[in-house]
Amino acid sequence: MVEWTDSERAIITSIFSNLDYEEIGRKSLCRCLIVYPWTQRYFGGFGNLYNAETILCNPLIAAHGTKILHGLDRALKNMDNIKNTYAELSLLHSDKLHVDPDNFRLLADCLTVVIAAKMGSAFTVETQVAWQKFLSVVVSALGRQYH
Amino acid sequence: MSLSAKQKATVKDFFGKMATRSDDIGAEALSRLVAVYPQTKSYFAHWKSASPGSAPVRKHGITIMGGVYDAVGKIDDLKAGLLSLSELHAFMLRVDPVNFKLLAHCMLVCMSMVFPEEFTPQVHVAVDKFLAQLALALCEKYR
């Protein structure tokens with residue numbers, strides 16, 4: 001089981017309580033699709049992804065980015081049981097969506113960059129350590145049910 | 001995944017903008033590397049301290065960023081330009097190449113923190129590609 005210090009819990013809770021889900025969700029997913037274009041393979045039904053500009057204006061991508069961030073909420077609310085919280089979502093990504101789990105790490109990295117931009121100097125070393133630990137637990141849980 | 005002419009220009013432009021803050025960013029990036037990925041401290045066991053924010057870590061981060069800037073100037077032929085640095089990393093330092101990616105990520109995070117407006121997704125992809133090409137050039141002599 002993952003051990004969280006009080007400080008880590010406080011940091012993660014604080015990030016989420018100040019989060020604009022729509023802004024950060026949209027920016028993170030767009031950044032992932034632009035920086036790692038092979039991730040676009042999973043978004044065939046999402047309209048125009050022709051270039052960076054069209055991706056950034058795409059309302060379906062924006063909505064999906066928000067959805068993903070709200071999905072992270074589940075981990076926040078169940079920090080001591082992230083593995084089981086995401087069991088069903090993991091199966092969904094494996095069996096239905098057929099997403100290569102390495103993509104979770106790519107999106108997590110983009111999310112980190114976007115949050116760093118938003119928080120600026122408030123994204124301290126300690127904050128980054130806690131945040132990346134949280135994301136790596138999420139990424140691991142999402143990949144766990146692959147078979 | 002080589003850089004287009006436009007991406008090379010984007011990299012040069014962004015690094016130009018970054019120049020006044022490059023020492024800070026280099027120092028911060030290495031501090032974050034050893035904090036977020038503690039296994040990387042294994043390369044610095046010979047230092048008095050390898051903890052984030054310590055003097056040797058900050059100093060070395062600045063050195064590394066200096067090397068990155070040097071590479072920007074050699075962007076048209078990184079392999080040839082970084083030959084001696086590659087020999088250093090291959091035969092003396094023997095840094096596992098996976099760590100170049102980890103440091104690159106920390107650099108991108110710092111760039112994003114310091115230049116939130118300028119570090120657009122388009123700049124991000126160009127810089128990420130450049131750092132990946134740089135890492136490849138550093139690995140050239142590994143085997």
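Residues numbered from 1 in each chain as written. Chains lettered and ligands numbered in written order. Predicted model: local features only at pLDDT ≥ 70, side-chain atom pairs only at ≥ 80, totals over all residues. Heavy atoms only, no water.

Chain B is annotated in an unreviewed UniProt entry as Hemoglobin alpha 2 from Boreogadus saida. Turning to chain B, the UniProt annotation filed under Sequence similarities (unreviewed entry) states: "Belongs to the globin family." (UniProt positions renumbered as here; feature names shortened; annotations may be inferred.)

## Observations regarding helix α7 (residues 121-139) of chain B
Over its 19 residues, α7 of chain B runs 27 Å from end to end, which matches the ideal 27 Å to within 8%, given 1.5 Å per residue. The buried fraction of α7 of chain B is high, at 15 of 19 residues. (Helix = DSSP H or I, 4+ residues; strand = E, 2+ residues; numbered from the N terminus. Expected span 1.5 Å × (residues − 1). Buried < 20%, exposed > 50% of the residue type's maximum accessible area, 1.4 Å probe, protein only.)

## Thoughts on the environment of N99 of chain B
All names here are of chain B. Within the secondary structure layout, N99 lies in helix α6 (residues 98-114). Each C-alpha atom of the pair N99 and T40 lies 7.3 Å from the other, and the pair is 59 residues apart in sequence. Setting aside residues up to four positions removed in sequence, N99 forms contacts with T40 and Y43. (Contact = heavy atoms within 4.5 Å.)

## Section: the UniProt feature "domain: Globin" (unreviewed entry) in chain B
Within the UniProt annotation, "domain: Globin" (unreviewed entry) is assigned to residues 2-143 of chain B. This span, residues 2-143 of chain B, is 70% helix and 0% strand, and a straight line between its end C-alpha atoms measures 21 Å.

## Some thoughts on the interface of chain A and chain B
Of the residues lining the interface, 21 residues belong to chain A; the matching set on chain B comes to 21 residues. A per-residue breakdown of the area chain A buries against chain B is headed by R31, V125 and Q128 of chain A, which together make up 29% of the total. Run the count over chain A and chain B and you get 9 residue pairs in polar contact (both at pLDDT 80 or more). Listing elements by their share of the side of chain A that touches chain B, those giving two or more residues are α2 (21-35), α3 (52-57), α7 (102-119) and α8 (125-143) of chain A. Top contributing element to the side of chain A that touches chain B by residue count: α7 of chain A, with 5 residues. (Buried area = accessible area lost by both parts, 1.4 Å probe. Polar contact = N/O pair within 3.5 Å; in protein donor to acceptor, adjacent residues only side chain to side chain.)

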